[in-house]
Amino acid sequence: MESSTSYGNLLTTRDLKKHYLVGSVRNDVLRGIYLQINRGEFVGLKGPSGSGKSTLLYQLGLLDTPDEGEIIFDGVKTSLMDHHQRQVTRLTKMGFIFQNYALLPELSTLENVMLPGLSCGKDRSHVESRARQIIELVGLIGKMHDTPDHLSGGEQQRVSIARSIINQPTILFADEPCANLDTVSSKKVMDVLKHLNEHFGLTILMVSHDLSNFSYASRIIEVVDGLVVNRMK
Amino acid sequence: MLTAHRISASLAVRSLQHANRRTNFFIVLILVLLIINLLLLSSIIDNIDQATGDQIIDHQYGHMFLEPEESEEIFENPQSYVRTLRNIPGVIGVSPHFVVQTIVVADQKSSATEVHFIDPVYEETVTQKSRFIIDGNYLGTHDETGIILGSEKAGGPGTQFPRLSLGGVNVGDEVVMLFGNDKSQRFDVRGVFFTKLIDADFYIYANEAQMASIYGRDLSDLVNQIVVRIDPSLTSEQSVIDQMRSKGYDGNYFITRESQGFVLTETLFVIKIIILIVSLLVSSGSLFITMYINVFSRKKFYGVLQAIGVPYSIVILSTVYQSLFLVCSASILAVIILYFVLVPYFAAYPLDLPFAFVSLSIDPSSIAMSIFFFFLLAIISSLLPLWSLYKNGIINLIR
Ligand SMILES: Nc1ncnc2c1ncn2[C@@H]1O[C@H](COP(=O)(O)OP(=O)(O)OP(=O)(O)O)[C@@H](O)[C@H]1O
Ligand SMILES: [Mg+2]
C-alpha cells in the first residue's frame, strides 16, 4: 500500500460530506469536497467563518470521520482503516497544529515534544536528541524544561509545531496556527513552517484568516458553504 | 512494551504532580474514609462475637467443659479425670464442679436456682470470678459456709431481671438452701460479682467444703461438670478432647466457642453480611464517582493524547497507574490510621456494650481483601469513563 513516489499526489478527497445535528437542526457543513494535495506543497485554506475549514481539516487529519465520500492518503483509502491504523497514521505520518496549541500542561517543552516519538517505541536517547534539535530549530532551546503555562502563546505554538514534526510526518495540518498570536510571534511561527516546507519538503495544509500568511503558500484553496469554490496558483 | 510502561508511568506521575494538590489530597481522603468504613464495622462485629465467646470462657465454662455420659449422673472416678486433664500439655486450669438444683431462701424472697460447689483455688485457674467481685470478697479456702453470687441473682437496684433474683441480698446476709435430699444448709453471703454476662451473673458458687455435711461426700468423688482452661497457643480444645478419649475417658465434651452463643453468632453473622453489603455498595459507589470525576475532569488531556496518536495502551496504562497510586496512598494511610489510631483508641476505651467490653482487632486478611477489592474497583471505575470519553470523539474532547 506504501506509495513509492516521493512526489505527486499525497492526499485526495472525493465528494466529502459531513453534517452536524444540533438538536433536530441539521447543519450540512461539508457538502461534497473535492481536493487534491501533492507532496511538498504548502497549501493555504481560506474561507468565511463557519464555512467548514476546521471540520475539513479534522476529517483529513483522521480526528473525525466523514459521513460520505472518500479520503485517500498516501495511496490508502482511510475509510478502510480501523481504529488502530488511524491512530498509527496520526502518530507517524501526520502532524496537527491546533489554534489553541493543545499541549499537555503537565509536561515540559522537551517532554511534550518527545511524547509522540516515545509513543512509537523509538529509542529514548535517539528521540531526545532529535527533540533537542527540533526545539533548537523552532528557537526554544532556552525553554526546554518549562511547562506550557510558563510560555507565551507564540512559544507554545512553536512547541506544538516541534511536537507535530518529531516523527517526520508526511503532512502537517495547521488550523489557524497564528490566530492567537501577535505579528512578531506570527512571523516566527510562519518562518518555521516555511523552513520545514522548503528545507525538509514537508507538505503543509494551513487554514488562516490572515491573508498575509498566505504569502508563504504555493497554492490557496477557498471553502465557502462547505464546497471548494476555486483553486488558484 | 517496557517503554510503554515507562511512558505510562511518567505520564501518570506528571499528571499527579500537575493536578491540584488539594484535589489529590481530597481524593485520597475520600478513599481512606471508604476503606476504613469498610473495615471498621465488620471488625467491630467480629469482635463482639469474639468478646462474647471470651466472656463465656472467662465466667462460665472455660475453653471447654465436660459432663458425664447421658446415662450417668456423676463422673466415675472424677479425680483421675482431673489428674489426666492437668497432665495434658497446654491445659492451664481444671476445676471440677458439683452442680445441683436448690431452693435458696433469703429474707426477702426465695428462688429455685443452681448452685456450683467448687474448690475456690482450682476455680480461679479457670474462670475469672475473683477479679469481678463488686462487693465483699472471693471465697476463702477454709470458708466452709461462704457463697458468692452474681449480681442478678442477688437482686437489688440496677438488676435487669428482679423477678428471678433473691430480691436484694447483701454481703453479710444469711441464706438457707434446700437440697433434693431434704437436707437444708445455712450459708453466708461473702461476695457479689458482676461480669456483664447475664447468664453468669445468675450463678451461685459455694465452697465444696460444705458438701460433706449435705451429701457425706465431697468433690473428690461427687462431680458432674469439669471446666477446663487451655493456652490456645499451645493446644486446641479438640486436641485435648482427642487425648482424653484416646485414654478412655468418656463423657460429653463441649467446646465453649462452638456450643455457646450460637444464636448470637448467627445473628451477628447476618448483621455483618448486611452491613458489609451496604458498605460495599456505598464504597463502590463513592469510589466509582470519585474516579469517574477525576478522569472526566481531564477530558482535554485524553483528547490531546488521542489526537497526537498516542497508543491506547499507553493512555489506559497511565490512567491505571494513576488510580493505583491514589488507592495505594489511601490504603497505606488507612492501615496506618487503623493500626496506630483506631486500634489503640479502642484498646484504651473499649465499647461498653451490655454484655461485654468490645475493642477493635482487625484481621489482616480482611484488610488485604478490602484493599484488593478497592484496587480492582479503582481500575474499573477509571477505565469506564475513559471508554466513554473515547466514544465521544476526539474533537469534542479537545475543543
Ligand atoms: N461539534 C459540532 N457540533 C455542531 N456543530 C458544529 C460542530 N463543529 C462545528 N459545527 C458547526 O459547523 C460549522 C463549521 O464549523 P467549522 O469550525 O468547520 O468552521 P470554520 O470554517 O473552521 O470556522 P472558523 O473560521 O470560525 O474557524 C459551523 O456552523 C459550526 O457551528
Ligand atoms: Mg475553524
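Remember, predicted model here, so these are calculated numbers, not experimental data.

Caption draft 1: Inspection of the site of ligand 1 at higher detail. Every one of the 16 residues lining ligand 1 counts as a neighbour, but Ser49, Lys53, Ser54 and Thr55 of chain A together with Arg399 of chain B are closest to it. Site remark: ligand 1 is flanked by residues from chains A and B. Within the contact set of ligand 1, an oxygen atom lies 2.7 Å away from a side-chain nitrogen or oxygen of lysine 53 of chain A. The contact in question runs from an oxygen atom of ligand 1 to an N or O atom on the side chain of serine 54 of chain A, over 2.8 Å. Considering ligand 1 on its own, with 630 Å² of exposed area, one finds that the protein chains cover 71% of that surface. Elements represented by at least two residues in the shell around ligand 1 include exactly strand S1 (9-22), strand S2 (25-38) and helix H1 (53-60) of chain A. Here the shell around ligand 1 takes 3 residues from H1 of chain A, the largest share from any one element. Here the shell around ligand 1 is composed, by residue class, of 4 nonpolar, 9 polar and 3 charged.

Caption draft 2: Focus on the interface of chain A and chain B. Listed per partner, the contact involves 23 residues of chain A and 23 residues of chain B. A combined buried area of about 2,200 Å² lies between chain A and chain B, and 64% of that area is made up of carbon and sulfur atoms. Where glutamate 111 of chain A meets arginine 14 of chain B, a salt bridge forms, and the shortest distance between an N and an O atom there is 2.4 Å. Here chain A is connected to chain B by 3 residue pairs in polar contact (both at pLDDT 80 or more). With 5 residues, the single largest contributor to the side of chain A that touches chain B is helix H3 (residues 109-119) of chain A. For the side of chain A that touches chain B, the residue count by class is 12 nonpolar, 5 polar and 6 charged.

Caption draft 3: How the structure looks around a nonpolar patch on the surface. Taken together, Phe269, Val270, Ile273, Ile274, Ile277, Val278, Leu281 and Val282 of chain B make up a surface patch of nonpolar side chains, about 740 Å² in accessible area. Residue position: isoleucine 277 of chain B is located in helix H9 (residues 262-296).

Caption draft 4: Representation of the environment of aspartate 182 of chain A within the structure. Residue and element names in this part refer to chain A. Secondary-structure assignment places aspartate 182 in the loop between strand S7 (171-175) and helix H6 (183-200). Look at aspartate 182 and you get partly exposed, because its relative accessible area is 46%. Residues aspartate 182 and leucine 110, spaced 72 residues apart in sequence, show a C-alpha to C-alpha distance of 24 Å. Only 3.1 Å separates the side chain of aspartate 182 from the backbone nitrogen of valine 184, close enough to count as a polar contact. Of the polar contacts made by the side chain of aspartate 182, one reaches the backbone nitrogen of serine 185; its length is 2.7 Å.

Caption draft 5: Spatial organisation of the packing of aromatic side chains. Scanning all chains against the criterion turns up 21 aromatic pairs over all chains. Ring geometry for tyrosine 292 of chain B against phenylalanine 296 of chain B: centres 5.3 Å apart, planes inclined by 15°, an arrangement best described as stacked. Highlighted residues: tyrosine 292 of chain B and phenylalanine 296 of chain B, both in helix H9, separated by 4 residues, approximately one helical turn. With relative accessibility at 28%, the residue tyrosine 292 of chain B sits in the partly exposed group. Its relative accessible area of 29% is what places phenylalanine 296 of chain B among the partly exposed residues. One aromatic cluster is present, built from ring pairs that chain together Tyr58, Phe96, Phe98 and Phe173 of chain A.

Caption draft 6: View of a negative patch on the surface. A grouping of Glu69, Glu70, Glu72, Glu76 and Asp250 of chain B is seen on the molecular surface, where their side chains present a negatively charged patch. Note on glutamate 76 of chain B: relative accessible area 65%, which makes it exposed.

Caption draft 7: Looking closely at the domain arrangement of chain B. Under the domain assignment, chain B is made up of domain 1 (2-56 + 263-398) and domain 2 (69-250). For domain 1 of chain B versus domain 2 of chain B, the distance between C-alpha centres works out to 51 Å.

Caption draft 8: Molecular detail of the pattern of salt bridges. Applying the stated criterion across every chain yields a total of 19 salt bridges over all chains. Its salt-bridge partner being aspartate 28 of chain A, residue arginine 26 of chain A comes within 3.1 Å of it at the nearest N-O pair. Across the pair lysine 93 of chain A and aspartate 74 of chain A runs a salt bridge whose closest N-O atoms are separated by 3.5 Å. Of this pair, lysine 93 of chain A sits in helix H2 (residues 83-93) while aspartate 74 of chain A sits in the loop between strand S4 (68-73) and strand S5 (76-77), and the two are 19 residues apart along the sequence. Looking at lysine 93 of chain A, the relative accessible area reads 25%, which means it is partly exposed. Since its relative accessible area comes to 5%, aspartate 74 of chain A is described here as buried. In the salt-bridge network here, residues are joined through shared partners; they are Asp143, Glu174, Arg186, Asp188 and Arg190 of chain B.

Caption draft 9: Structural view of helix H7 (residues 237-246) of chain B. Residues and elements named next belong to chain B. Buried residues of H7: Glu237, Val240, Ile241 and Met244, and no others. Buried residues along H7 cover an arc of 100° about the axis, so they all sit on one side. Looking at the residues trailing H7, positive phi occurs at glycine 248, about 90°.

Caption draft 10: Quick peek at the nonpolar core. By size, the foremost hydrophobic cluster in this structure holds 89 residues, and its most contacted members are Leu56, Leu115, Phe173 and Leu193 of chain A together with Leu11, Tyr302 and Leu305 of chain B. If we skip the residues at most four places from it in the chain, leucine 115 of chain A touches Leu104 and Leu107 of chain A together with Ile7, Leu11, Leu305, Ile308 and Val310 of chain B. Judged by nonpolar contacts, the second largest core, of 42 residues, contains Leu85, Ala106, Val169 and Val228 of chain B.

Quick notes on the rules
Residues numbered from 1 in each chain as written. Chains lettered and ligands numbered in written order. Predicted model: local features only at pLDDT ≥ 70, side-chain atom pairs only at ≥ 80, totals over all residues. Heavy atoms only, no water. Near = heavy atom within 4 Å. Polar contact = N/O pair within 3.5 Å; in protein donor to acceptor, adjacent residues only side chain to side chain. Areas by Shrake-Rupley, 256 points an atom, 1.4 Å probe, with all protein chains shown as cover. Helix = DSSP H or I, 4+ residues; strand = E, 2+ residues; numbered from the N terminus. Nonpolar A, V, L, I, M, F, W, Y, C, P; charged D, E, K, R; others polar. Contact = heavy atoms within 4.5 Å. Buried area = accessible area lost by both parts, 1.4 Å probe. Salt bridge = Lys/Arg side-chain N within 4 Å of Asp/Glu carboxyl O. Patch = residues over 30% accessible without salt bridge, like charges linked within 9 Å, V, L, I, M, F, W, Y side chains within 5 Å. Buried < 20%, exposed > 50% of the residue type's maximum accessible area, 1.4 Å probe, protein only. Phe/Tyr/Trp six-rings, centres within 6.5 Å; stacked < 30°, edge-to-face > 60°. Lys, Arg positive; Asp, Glu negative; His and termini not counted. Charge placed at Lys NZ, Arg CZ, Asp CG, Glu CD. Domains from an automatic or database assignment. Arc of directions from axis to C-beta. Core = buried A, V, L, I, M, F, W, Y, C linked by side-chain atoms within 4.5 Å.

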